[in-house]
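# Residue-level structure breakdown
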Amino acid sequence: MSDWVERDAARVWHGFTQMSVYGESRPVVVERAEGHELIDTEGRRYLDAVSSLWVSTLGHRVPELDQALVDQLGRIAHSTMLGNGNVATIELAEALAPLVPVDDPRVLFASDGASAVEQALRIAFQFWANEGVSGKTRFLALGGAYHGDTFGALSVGDAGFYGELFAPLRFPVLRAPGYATPGWADATIALVAEHAHELAALVIEPLVQGAAGMRIADPDDVRRVGEACAAHDVLLVCDEVAVGFGRTGTLFASERCGLRPDILVLGKGLTAGYLAMSATVASGRVADAFLGADLGPETLYHGHSFGGNALAAAVARRHLELLEERNVLARVRAREGELRALLERELAPLPGVREIRLCGLLGAVELDTTEDELLARRVTAATVERGVFVRPIGPSILIVPPLTITTPELERIVAALRAAILETAPVGARA
Ligand code: PMP
C-alpha cells in the first residue's frame, strides 16, 4: 500500500465506499491530469472513461477553461446571490437562456445536482400554494430513479441504492414503473391522469436513467409522458444532471424527447466538470407565481451559500462557447456509432456479458453476476489495472468517456474491458 493510500484511508471518508477494505482495493490516488488521462501518485496514467463521475465533458486542464478561471480570479471568486448579484453569474444565466428548452427561463443556482433537485421540489410544491390551488402536494417519480442523496432527492429516488434504511425519513411518493419495465410510459400516463388533482409534479430523468445502469427510453414515450403532464396540469421536472450538456448527442435530452419542462435541473457537465455548480431552471410561468410583496409568503425562502459561485460561472460560460467552437455535439454522435459497433463486436459475444446499453456517450456493459456478485467489481479492477479508469454500478460497468474522446481512445477502452472480462469471467464461462 502506498503512503498516499495509507494517508487517504486514515483521514478521508469516501462516499459510496466501504472504508474497511478501501486500502486493499487498489484505489487510484490522482495527483494530476492531462487531457483525457488521470495521472496517479506513481506517475501511472489512466484514461478517464467515467469522466470523473460523468462530470468532465472536454477532459482535464482545458487551456481555455483554465484561462477563464484565472481571469475570473483576477476579479472575484465568490459573492452571495441572496438579494444581490454578480456579473459572472448574470452573464452565465444570459448565455444559458437561449439554450435551455425552457420557456422564458429563470435560473436558480446551487452547487450539487442533489441540491438543485431539492430546489426543484421546493419550487414545484410552493408553486401550487402560490397559485392558490390546494391539494397538489405529491410527487410522481419513476422506478429505478436516482436524483441524489439529500432527503428530498432520496425520496423521489427509488428505494434502491440502500435507501430502505431511511424509509421513515423519506416522504411518500407515487411511483410509476421505470424505463426497464415495458409499458412504463402508458402506466405513467395513467397515473398522471388518475392523480393529477394531488400531483405537484412528475420528476423524471429524460431519455436515460443513469444510476439505474443506463436504462434507455424511447424518446417518443418520454414525449407522450410530458404531454400528459401538460394536459393534466402536472408540472414536469426534468432532471438532466446526468444527461445534460451534450451527453446524449443533443445539448439537452429533453430536446430529443420534444419536451419543454416547467423545471429543468442541471449539474455535472455545467462547468465541464471543473467546479461544483448546479442550477434549477424554472419557466417564466413558474417563476412569476413567486412574485408578491416584499417578505411575503410567495417568496422562495431557499438558497445555498455557494449558489451562483463566480469562478464556476465564468468556467461554465466559456464551456458553452467551447461546446459550440469544438463542434462537440456532432462528435458525440459520431463516437456513439463507433462505440456501439466496438461494444457489439468485441464485448457482446463474450461469456459473462448479458447486455450492452448505449445512448450518446452514456454506456453500460451489464455482466451476468448470478454466479459471482462481485464480478463487476473484479472486472473493473482488472480494467483499471490496464490503464482505463471505469466504475461499476451493480452488475454493470459504466462507460462515460469525455465528449471529446477520440476513436483510438474508444478502442483502448474496449480492448481493456475485453481483456479484463476474459481474464476475470468465471472458469466455467471461459471454457
Ligand atoms: N440526478 C441525477 C440524474 C444524477 O445522475 C445525479 C448524480 N449521479 C444526481 C441527480 C445527483 O447529483 P450530485 O451527485 O451532484 O448531487
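Basis of the calculations
- Residues numbered from 1 in each chain as written.
- Predicted model: local features only at pLDDT ≥ 70, side-chain atom pairs only at ≥ 80, totals over all residues.
- Heavy atoms only, no water.
- Axes fitted to C-alpha atoms, helices over the stretch in contact; angles between N-to-C directions.
- Helix = DSSP H or I, 4+ residues; strand = E, 2+ residues; numbered from the N terminus.
- Parallel < 35°, antiparallel > 145°, perpendicular 65-115°, else oblique.
- Left-handed = near helix turned anticlockwise from the far one by under 90°.
- Contact = heavy atoms within 4.5 Å.
- Near = heavy atom within 4 Å.
- Polar contact = N/O pair within 3.5 Å; in protein donor to acceptor, adjacent residues only side chain to side chain.
- Areas by Shrake-Rupley, 256 points an atom, 1.4 Å probe, with all protein chains shown as cover.
- Nonpolar A, V, L, I, M, F, W, Y, C, P; charged D, E, K, R; others polar.
- Pairing = 2+ DSSP bridges.
- Phe/Tyr/Trp six-rings, centres within 6.5 Å; stacked < 30°, edge-to-face > 60°.
- Buried < 20%, exposed > 50% of the residue type's maximum accessible area, 1.4 Å probe, protein only.
- Lys NZ or Arg CZ within 6 Å of the ring centre and 35° of its normal.
- 1 Å grid on protein atoms, 1.4 Å probe; cavity = no way out; pocket = protein on both sides within 12 Å on 5 of 7 lines; lining within 4 Å.
- Points joined across faces, edges and corners; volume = space filled by probe spheres on them.

Take the packing of helix α4 (residues 87-96) against helix α11 (residues 310-325) next. α11 packs onto α4 with a crossing angle of 30 degrees between their chain directions and a minimal axis gap of 8 Å. Considering the angle they form, α4 stands roughly parallel to α11. For the element pair α4 and α11, the recorded crossing hand is left-handed. Residues A88, T89, E91, L92, A95 and L96 of α4 lie in contact with α11, whose contacting residues are A310, A313, A314, A316, R317 and L320.

Attention now moves to the site of the ligand. Surveying the vicinity of the ligand reveals the residues W54, D112, G113, A114, Y146, H147, G148, E205, D239, V241, A242 and K268. Between the ligand and G113, the relevant distance is 2.8 Å, taken from an oxygen atom to a main-chain nitrogen or oxygen of the residue. Taking K268, its side chain carries an N or O atom lying 3.0 Å from a nitrogen atom of the ligand. Considered on its own, the ligand offers 390 Å² of accessible surface; in the complex 84% of this is hidden by protein. Its residues assigned to classes, the shell around the ligand shows five nonpolar, three polar and four charged.

Bringing the sheet that holds strand β1 (residues 30-34) into the picture now. Taken in spatial order, the four strands make up an open sheet running β1-β2-β3-β15, and their pairing is mixed. Each edge of the open sheet carries a strand with a single partner, namely β1 and β15 (388-389). Relative to strand β2 (residues 37-40), β1 runs antiparallel, the two sharing four bridges. Following the sheet pairing, E34 is matched in β2 by E37. Most of the contacts of helix α14 (residues 407-424) go to strand β3 (residues 45-48), to which it runs at about 105 degrees, and overall it touches β2, β3 and β15.

Structurally, T380 is set in helix α13 (residues 375-385). With near-sequence residues (within four places) excluded, T380 lies in contact with V390, R391, P392 and I397.

For the rest of this paragraph, the subject is the packing of aromatic side chains. Taken as a whole, this structure holds five aromatic pairs when the rule is applied. Pairing F151 with F166 gives two aromatic rings, centres 5.9 Å apart and planes at 70 degrees, and the pair type is edge-to-face. In this pair, F151 is assigned in helix α6 (residues 151-156) and F166 in the loop between α6 and β6 (174-176), connecting sequence segments 15 residues apart. Given a relative accessible area of 38%, F151 falls into the partly exposed group. The partly exposed category is assigned to F166, whose relative accessible area is 33%. Both rings, one in Y179 and one in W184, keep their centres 4.7 Å apart while their planes meet at 55 degrees; by these two values the pair is tilted. A cation over an aromatic ring shows up here: R7 above the ring of W4, its NZ or CZ 4.2 Å from the ring centre. The side chain of K136 reaches across the aromatic face of W128, ending 4.5 Å from its centre.

Ordered in space as β4-β12-β11-β10-β7-β5-β6, the seven strands form an open sheet in which the pairing is mixed. For this open sheet the edge positions go to β4 (106-110) and β6, each flanked by a neighbour on one side alone. Direction aside, the axes of adjacent strands within the sheet are offset by 20 degrees on average. Relative to strand β10 (residues 235-239), strand β7 (residues 199-204) runs parallel, the two being bridged by four bridges. Looking across to β10, one finds that V203 is bridged to V237.

When you tally the buried positions in strand β14 (residues 362-367), you get six out of six residues, the bulk of the element. For strand β13 (residues 353-359) and β14, the ladder comprises six bridges, and the chain directions are antiparallel. Considered in β14, the bridge of E355 is made with E366. Count of turn residues in the β13/β14 antiparallel hairpin: two residues, of which G360 carries a positive phi of about 60 degrees.

In this structure, the second largest pocket spans a volume of roughly 660 Å³. Lining of the second largest pocket is provided by 21 residues; of these, R106, V107, L108, L300 and H302 occupy positions nearest its centre. Of all elements in the fold, only β4 and β12 (278-282) reach the threshold of two or more residues within the lining of the second largest pocket. Element by element, the count of residues in the lining of the second largest pocket is highest for β4, at four residues.

By the element assignment, I397 lies in strand β17 (residues 396-399). Given a relative accessible area of 1%, I397 falls into the buried group. For the pair formed by I397 and E42, sequence separation is 355 residues and the distance between their alpha carbons is 25 Å. Filtering out sequence-adjacent residues up to four positions away, I397 remains in contact with G363, A364, V365, L367, A376, V379, T380, V390, R391, P392 and L417.

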